[in-house]
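Structure at a glance
Read off the chains here:
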Amino acid sequence: SQTIHQWPATLVQPVGSPLSLECTVEGTSNPNLYWYRQAAGRGLQLLFYSVGIGQISSEVPQNLSASRPQDRQFILSSKKLLLSDSGFYLCAWNPTEGYPDTQYFGPGTRLTVL
Amino acid sequence: QKEVEQNSGPLSVPEGAIASLNCTYSDRGSQSFFWYRQYSGKSPELIMSIYSNGDKEDGRFTAQLNKASQYVSLLIRDSQPSDSATYLCAVSPSNQFYFGTGTSLTVIP
């Protein structure tokens, strides 16, 4: 069966510090991968999505970036965090066969920028 | 205009009652519709998907889709306190995925 992992689970970082969040998917190949952010009391904001290694599409211009160095690995980064980067970061995947429209979420990383 | 709209609630129902959650969407080309449940502090969990007009039942959950009215709903029968969560509606029109902001449901014992 397929599983999706994210780490760390929680993170407290000072303003201006760098960020690296990691997401990995097991049990599938060539998934589409997504990064979302959910601010407190807000909806899900799509940040990036990837349909393959090295292929990244950005939905919202900001100080974040994403990379996909391996088929089942998706990384979210920042060189300098802002207070507004605080939120719940969710990685999601959907299969490219079967029901490709269905998205499944990882456990999330709660980021607090102080 | 938002792609997917939901009443934010909160919606409160007594235990054992039917909870009704509603969602409207703007893109008539949408083909796939989903309901996710999100407990506080946790990630969204898929509970229902529906692709055709009509009703789809899974245990205590029934999803209803009306593409002509651009409307999708979720009914929860025999509501339990464990159903207390935020319910997210999601719509997928060809490789895009849009979420509503969610409806908060509280089931009162």
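A brief structural summary. All residue numbers here refer to positions counted from 1 along the written sequence of the relevant chain. Here every chain gets a letter starting at A, and every ligand a number starting at 1, in the order they are written. Totals for whole chains, interfaces and linings use every residue, but because this is a predicted model, local features are given only for residues with pLDDT of at least 70 and side-chain atom pairs only at 80 or more, for both listing and counting. Only hydrogens and water are set aside when side-chain values are computed; all heavy atoms of the structure are taken into account.

1. Observations concerning the environment of Leu47(A)
All names here are of chain A. For clarity, the threshold we go by: Secondary structure elements are taken from DSSP: a helix is a run of H or I of four residues or more, a strand is a run of E of two residues or more, and numbering for both begins at the N terminus. The buried label applies to any residue whose accessible area, calculated with a 1.4 Å probe on protein chains only, is under 20% of its type's maximum; exposed applies above 50%, and partly exposed to all values in between. Note on contacts: a residue pair is in contact if any heavy atoms of the two residues lie within 4.5 Å.
As for its placement among the helices and strands, Leu47 is situated in strand S5 (residues 44-52). Accessibility expressed as a relative area gives 0% for Leu47, which makes it buried. Residues Leu47 and Leu64, spaced 17 residues apart in sequence, show a C-alpha to C-alpha distance of 8.4 Å. Non-local contacts of Leu47, meaning those with residues more than four positions away in its chain, are made with Trp35, Tyr36, Arg37, Ser57, Ser58, Glu59, Val60, Gln62, Leu64, Leu76 and Tyr89.

2. Considering the state of the cysteines
Selection rule: Any pair of cysteine sulfurs within 2.5 Å is marked as a disulfide.
Going through the model one piece at a time under the given rule, you end up with two disulfides over all chains. Covalent S-S linkage joins Cys23(A) and Cys91(A), the inter-sulfur distance amounting to 2.0 Å. As the torsion about the S-S bond is roughly -70°, the Cys23(A)-Cys91(A) disulfide counts as left-handed. One end of the pair, Cys23(A), is in strand S3 (residues 19-26); the other, Cys91(A), is in strand S9 (residues 87-94), with 68 residues separating them in the sequence. Each member of the pair, Cys23(A) as well as Cys91(A), carries the same accessibility label: buried. Between the sulfur of Cys23(B) and that of Cys89(B) lies a disulfide, 2.1 Å long from S to S. Torsion about the S-S bond of the Cys23(B) and Cys89(B) cystine: about -70°, corresponding to left-handed handedness.

3. A closer look at the layout of surface pockets
Where empty space is left becomes clear once a probe the size of a water molecule has been rolled over the atoms. This is how the line gets drawn: Cavities and pockets were defined on a 1 Å grid built over protein atoms only: a cavity is a set of grid points that admits a 1.4 Å probe from which the probe cannot escape, a pocket is an open set flanked by protein on both sides within 12 Å along at least five of seven lines, and lining residues are those with an atom within 4 Å of any such point. Grid points are joined across faces, edges and corners, and a volume is the space filled by probe spheres set on the points. Note that Gly is not counted as nonpolar here; it falls among the polar residues with everything else outside the nonpolar set of Ala, Val, Leu, Ile, Met, Phe, Trp, Tyr, Cys and Pro and the charged set of Asp, Glu, Lys and Arg.
Computed from the structure, the largest pocket encloses a volume of approximately 550 Å³. Taken together, 21 residues line the largest pocket, and the ones lying closest to its centre are Gly43(A), Leu44(A), Gln45(A), Leu46(A) and Phe99(B). Counting residues per element, the lining of the largest pocket draws most heavily on S5(A), which supplies three residues. Of the residues contributing to the lining of the largest pocket, the split by class is eight nonpolar, eight polar and five charged. Here the second largest pocket defines a volume of roughly 390 Å³. Lining the second largest pocket are 18 residues, and of these Gln38(A), Ala39(A), Gly41(A), Arg42(A) and Gln38(B) sit closest to its centre. Where the lining of the second largest pocket is concerned, the elements lending two or more residues are S9 and strand S11 (109-113) of chain A together with strand S9 (85-92) of chain B.

4. Let's talk about the sheet that holds strand S7 (residues 64-70) of chain A
Residues and elements named next belong to chain A. For the record, the criterion: Each pair of strands is called paired provided DSSP finds at least two bridges between the two strands. To obtain each axis, a line is fitted to C-alpha atoms, and for helices this fit is confined to the stretch in contact; angles are then taken between N-to-C directions over 0 to 180 degrees.
With antiparallel pairing, the four strands of this open sheet are ordered in space as S1-S3-S8-S7. Taken across any chain shown, the strands that pair with only one partner, and hence form the sheet edges, are strand S1 (3-7) and S7. For this sheet, the mean inter-axis angle between neighbouring strands, taken without regard to orientation, is 20°. Alignment of S3 against strand S8 (residues 73-78), held across six bridges, turns out to be antiparallel. Opposite Leu19, over in S8, you have Ser78 as the bridge partner.

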